[in-house]
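Observations on the three-dimensional arrangement
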Amino acid sequence: MTHPIPSSEGCPQGGVGNPAYGATHSLPRSLQTHPYPSLEGIQIPDTPTSPLPTSPTPPSMSPLLTVQNLKVHFPQSGGFLSRQQTWIKAVDGLTFDVYPGETLGLVGESGCGKSTTGQAILQMVPPTDGTVHFEGVNITTLGDEALRKVRQRLQMIFQDPYGSLNPRMTVGDILAEPLDIFGVAQGQTRQQRVAELMDMVGLNPSFIYRYPHEFSGGQRQRIVIGRALALNPAFVVCDEPIAALDVSIQAQIRLVVK
């Protein structure tokens, strides 16, 4: 049995809930004798609002990296005879801390200064202002020799793998280069470490005599990751490290970097 749907046209005050509305009598008896219960007098407790839970940092733990008011400005000439100079503010007043075991992500549109921030942390680009403290040491004031020693604990995975690899070096020499520079492994130990790094990033250790142009973009990215992890650094700047990788290898690389 179908029941007519009441229209609001000509409906007395109170609408279809008003007994004076004739269409109500055409509804089933169950709906006439069992109206919806009233909420009057029912106490509805307020939903407590609390901030999102955060991972507390032990008060005794010191930051691994402290960046304070970091600025990187690049000069740009313009105007008549290039006499007018303006400044491009790639990074302007960035401050944050990174504690041991933490992962900090910088999110922004292309060209907003994410890569420049990573390069400024490693002093690959000189900061215009601000300080960078790594393990309690202000590395913005260090000389070349002192900074070279600190970089053994600081590494970077570059966004462009092909541009950051020497095309005249084999993959084995590329992965062993950090070991040779800091003298941490030689002979058989060096070869074992290179094979371990190849296996760690999902590459066949027999490829150590190949050159970068013989690999795909994703494979070259894995070589860059292996080189950055060769010295077991305490802090790694990752500039889109897995953007060029297949989904099947991304999870493996995340575990390795972590």
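Since the structure is predicted, the reported quantities are computational estimates derived from the model, not experimental observations. (Residues numbered from 1 in each chain as written. Predicted model: local features only at pLDDT ≥ 70, side-chain atom pairs only at ≥ 80, totals over all residues. Heavy atoms only, no water.)

1. Quick look at the nonpolar core
Here is the rule: Nonpolar cores are built from buried Ala, Val, Leu, Ile, Met, Phe, Trp, Tyr and Cys residues. Side-chain atoms within 4.5 Å join them into one set. For every residue, the accessible area obtained with a 1.4 Å probe (protein chains only) is divided by the maximum for its type, and the residue is called buried under 20%, exposed over 50%, and partly exposed between those limits. Under the DSSP-based scheme used, a helix requires at least four consecutive residues in state H or I and a strand at least two consecutive residues in state E, with every element numbered from the N terminus. Whether two residues are in contact is decided by their heavy atoms, any of which lying within 4.5 Å being enough.
Ranked by size, the top nonpolar core spans 27 residues in total, and within it V171, L175, M198, I223, I225, L245 and I253 carry the most contacts. Contributing elements (two or more residues each) for this core: α4 (171-182), α5 (187-200), α6 (217-228) and α7 (247-257). Element by element, the count of residues in this core is highest for α4, at five residues. In contact with M198, not counting residues within four places along its chain, are V171, L175, L203, N204, P205, F207 and I208. In terms of nonpolar packing, the next biggest core, distinct from the first, is built from 22 residues, V98, A120, I121 and L154 among them.

2. Some words on the packing of aromatic side chains
Here the distance between the centres and the angle between the planes together describe a pair of aromatic rings. The criterion, for reference: For this analysis, a ring pair means two rings from Phe, Tyr or Trp (six-membered ring only for Trp) whose centres lie within 6.5 Å, classed as stacked if their planes differ by under 30 degrees, edge-to-face if by over 60, and tilted for the remaining angles. Note on criteria: charge over ring means Lys NZ or Arg CZ within 6 Å of the ring centre, with the direction from the centre no more than 35 degrees off the ring normal.
In the structure shown here, the tally under the stated rule is one aromatic pair. Taken together, a centroid distance of 6.1 Å and an interplanar angle of 65° make the contact between F207 and F215 edge-to-face. Across the pair, exposure class does not vary: F207 and F215 are buried alike. The ring of F182 carries the charged tip of R148 above its face, separated from the ring centre by 5.5 Å.

3. As for the pattern of salt bridges
The line we're drawing: Salt bridge, as used here: a side-chain nitrogen of Lys or Arg that lies within 4 Å of a carboxyl oxygen of Asp or Glu.
Counting across every chain of the model gives five salt bridges. Between E196 and R193 there is a salt bridge, and its shortest N-O distance comes to 3.1 Å. Linking E196 with R193, this pair stays in helix α5, spanning three residues, or about one helical turn. Given a relative accessible area of 41%, E196 falls into the partly exposed group. Residue class for R193 comes out buried when judged on its relative accessible area of 12%.

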